[in-house]
Amino acid sequence: MARGGQGLARVAVVVRAGAAPLWWSGVCAAGIGVLPPGATGRRIGVLAGAALFLVSAAAMALVRRGRYRALARGAARAGKYDVLQDRAVTMRNWRRGHRWWLLSAFAVALGSSFAVPAAGGMLLAGLGAGLRLKAAWIGRRERAGETLLWVRVDWLDRRGGGPAGKPVKGLRGTGVAAGDAAPGGARRRTAALV
């Protein structure tokens with residue numbers, strides 16, 4: 001980086017990157033997994049899956065919130081020479097880094113359907129929903145503080161995740177117009193031309 005600048009990735013985008021792959025792989029695994037009757041029967045499997053969905057979504061949405069709050073409170077202003085990473089690059093890095101984990105989780109969710117139909121897939125879908133809820137919560141904090149939160153790319157783990165992990169010493173902040181992602185990590189909508 002020129003003149004001591006750092007590469008920065010949006011915290012909400014890193015959190016949100018796993019939401020869609022987990023959600024869709026979970027929905028597919030649950031849809032396929034409901035076909036075999038399994039050891040417990042479909043009804044029990046779907047009820048167990050619904051409970052797992054709710055618990056995993058809540059757990060994923062609430063875990064480490066205190067750490068995120070503490071890092072957000074101490075966020076320093078981004079420097080003039082810091083480079084803001086595109087949303088697409090951040091998403092691609094996370095998904096490439098986690099692709100084997102995602103494939104393994106999908107295979108385990110499908111395999112578990114022979115014991116408890118649909119439950120494994122619903123658990124995966126719950127994890128994806130929880131990540132989406134957490135990104136939305138970060139987005140609300142960003143709007144309230146009128147500051148987008150960024151993390152140094154070199155502080156993320158080797159798979160492109162962990163925006164609140166141990167190596168992260170602090171966050172950087174910019175105005176809400178910076179970067180190509182809206183508060184919460186969603187793709188920024190461009191104004192319609194009149």
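Procedures and definitions
The residue numbers shown here count from 1 along each chain, following its written sequence. It should be noted that, the model being predicted, local features are given only for residues of pLDDT at least 70 and side-chain atom pairs only at 80 or more, the latter also being counted only at that level, while totals for whole chains, interfaces and linings use all residues. Derived side-chain values reflect all non-hydrogen atoms in the structure, with water molecules and hydrogen atoms excluded from consideration. Counting from the N terminus, the helices are DSSP H or I runs at least four residues long and the strands are E runs at least two residues long. In this scheme, a residue with accessible area under 20% of its type's maximum is buried, one over 50% is exposed, and one in between is partly exposed, where area comes from a 1.4 Å probe on protein chains only. Whether two residues touch is decided by their heavy atoms; if any such pair falls within 4.5 Å, the residues are in contact. Neither His nor the chain ends is counted toward charge; the positive residues are Lys and Arg and the negative residues Asp and Glu. Charge placement uses NZ in Lys and CZ in Arg. For Asp and Glu, CG and CD serve respectively. Criterion for a salt bridge: a side-chain nitrogen of Lys or Arg within 4 Å of a carboxyl oxygen of Asp or Glu. Each polar contact in these results corresponds to two N or O atoms within 3.5 Å; when the atoms are within protein, one needs to be able to donate a hydrogen and the other to accept it, and residues that are neighboring in sequence are counted only if both atoms are side-chain atoms.

Engineer: Looking at this structure, I do not really get the overall build of the chain. What am I missing?
Structural biologist: Across its full length, the chain carries seven helices and five strands. Shown N-terminal to C-terminal, the secondary structure of the chain runs as helices and strands in the order β-α-α-α-α-β-β-α-α-α-β-β. Counting only residues that meet the buried cut, the chain has 44% of its 194 residues in that class. The long-range share in the chain, meaning contacts at least 24 apart out of those at least 6 apart in sequence, stands at 86%. Placing the 31 positive and 7 negative side-chain charges of the chain at their respective mean positions leaves the two points 8 Å apart.

Engineer: Can you walk me through the side chain of Arg 87 in this structure?
Structural biologist: By the secondary structure assignment, Arg 87 is in helix H5 (residues 87–97). No salt bridge is formed by the buried Arg 87, whose closest oppositely charged neighbour, Asp 180, lies at an N-O distance of 6.4 Å. Of note is the side chain of Arg 87, whose polar atom sits 2.7 Å from the backbone oxygen of Gly 185. Once residues lying within four places of it in the same chain are set aside, the contact partners of Arg 87 are Val 13, Arg 16, Asp 180, Ala 181, Gly 185, Ala 186 and Arg 187.

Engineer: What exactly am I supposed to notice about the side chain of Asp 82 here?
Structural biologist: Mapping Asp 82 onto the fold places it in the loop between strand S2 (76–77) and strand S3 (83–84). A residue is classified by how much of its surface remains accessible, and Asp 82, at 14% relative accessible area, is buried. There is a polar contact of 2.6 Å between the side chain of Asp 82 and the side chain of Arg 172. In contact with Asp 82, not counting residues within four places along its chain, are Gly 5, Gln 6, Leu 8 and Arg 172.

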